[in-house]
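# Inside the fold
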Amino acid sequence: MTAPIVRDALPYRPCVGIMLLNDRGEVFVARRSGSEGDWQMPQGGVDDGEDARSAAFRELEEEIGTAKAEFIAMTAAPHRYDLPDDLLGKVWKGRWRGQEQMWMLARFTGTETDIRLDTDHPEFDAWKWIDAEELPGLIVAFKRPVYESVLAEFRPLIARAKG
């Protein structure tokens, strides 16, 4: 018999997320492969010895095929979410209870043809630009509080980006 998973005994996975803006101040989101409507911004783990900013640009390259972006800001503190009970112990080989994410705001400097979802390890099957205020309604429920707080923190910068 397998021992029960004790949520409080598991650490958070060090992670970064990227809110990528186009020149109209819209936010990039992509749909997870094989899902009907699980949209999210690019995100991923931070490797040992890697800083959050470097990890964010690496994740962009790995997930959407390009890191053509310029840094605007980083969240003041990390944001955490816990996996729901039905996913705990099933994702990330059961090593983490959720993620602790530093979020980067960046302006996309490439062209839409630079965005490629057919990467070495594809995670997404569709992408689009949306108004930032649409974000919370597109995100899976357990990540929604993080998206709402990141949006609140970056909202003044997004407004300036719409210029």
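Rules used in this analysis
- Residues numbered from 1 in each chain as written.
- Predicted model: local features only at pLDDT ≥ 70, side-chain atom pairs only at ≥ 80, totals over all residues.
- Heavy atoms only, no water.
- Salt bridge = Lys/Arg side-chain N within 4 Å of Asp/Glu carboxyl O.
- Helix = DSSP H or I, 4+ residues; strand = E, 2+ residues; numbered from the N terminus.
- Core = buried A, V, L, I, M, F, W, Y, C linked by side-chain atoms within 4.5 Å.
- Buried < 20%, exposed > 50% of the residue type's maximum accessible area, 1.4 Å probe, protein only.
- Contact = heavy atoms within 4.5 Å.
- Phe/Tyr/Trp six-rings, centres within 6.5 Å; stacked < 30°, edge-to-face > 60°.
- Lys NZ or Arg CZ within 6 Å of the ring centre and 35° of its normal.
- Expected span 1.5 Å × (residues − 1).
- Polar contact = N/O pair within 3.5 Å; in protein donor to acceptor, adjacent residues only side chain to side chain.

On inspection of all chains with the given rule, the structure shows 14 salt bridges. The partner of R97 in a salt bridge is D82, and the shortest N-O contact between them spans 2.8 Å. Pair noted here: R97 is in the loop between β6 (79-82) and β7 (98-108) and D82 is in strand β6, with a separation of 15 residues, a long-range link. Residue R116 is joined to D118 by a salt bridge in which the shortest nitrogen-to-oxygen separation is 3.2 Å. Salt bridges here are not isolated pairs; linked through shared partners, they connect D47, E50, R58, E59 and E62.

This part covers the nonpolar core. With 23 residues, the main nonpolar core has M19, V27, M41, L135, F154 and I158 as its most contacted residues. At the level of secondary structure, the elements contributing two or more residues to this core comprise β1 (12-21), β2 (27-32), β7, β8 (124-130) and α3 (144-162). The element contributing the most residues to this core is α3, with seven residues. Setting aside residues no more than four positions away along its own chain, M41 makes contact with I18, M19, V27, F28, V29, W103, L135 and Y147. Counting residues in each nonpolar core, the second largest holds 17 residues, with F28, A106, I115 and W129 among its members.

Here we take up the environment of S54. Relative to the elements of secondary structure, S54 occurs in helix α1 (residues 52-64). By relative accessible area, which is 36% here, S54 ends up partly exposed. Along the primary structure S54 and G94 are separated by 40 residues, whereas in three dimensions their C-alpha atoms are 26 Å apart.

Turning to the packing of aromatic side chains, a few remarks are in order. Tallying each qualifying case throughout the model produces six aromatic pairs. Ring centres 5.5 Å apart and planes at 25° place the aromatic pair F28 and W127 in the stacked group. Residue F28 is located in strand β2, and its partner W127 is located in strand β8; the two are separated by 99 residues in the primary sequence. Looking at F28, the relative accessible area reads 0%, which means it is buried. Clustering of aromatic rings is evident, with ring pairs tying together F28, F108, W127 and W129. Across from the ring centre of F71, 3.9 Å away, lies the NZ or CZ of R53, which sits over that ring. For K128, the ring lying beneath its charged end belongs to W39, and the centroid distance is 4.4 Å.

Moving on: the environment of R7. One can find R7 in the segment before β1. For the pair R7 and A52, spaced 45 residues apart in sequence, the C-alpha to C-alpha distance is 25 Å. Setting aside residues up to four positions removed in sequence, R7 forms contacts with D82, L83, P84, D85, L88 and R97.

A rise of 1.5 Å per residue sets the reference length of α1, with its 13 residues, at 18 Å; its end C-alpha atoms lie 18 Å apart and thus fit the reference within 8%. Buried within α1 we find A55, A56, R58, E59, L60, E63 and I64. Those residues of α1 hidden inside the fold are in contact with β1, β2, β4 (43-45), β5 (69-74), β7 and β8. Where α1 begins, the capping side chain belongs to D51, and its oxygen is found 3.1 Å from the backbone nitrogen of R53. Positive phi appears at G65, one or two residues downstream of α1, with a value of about 80°.

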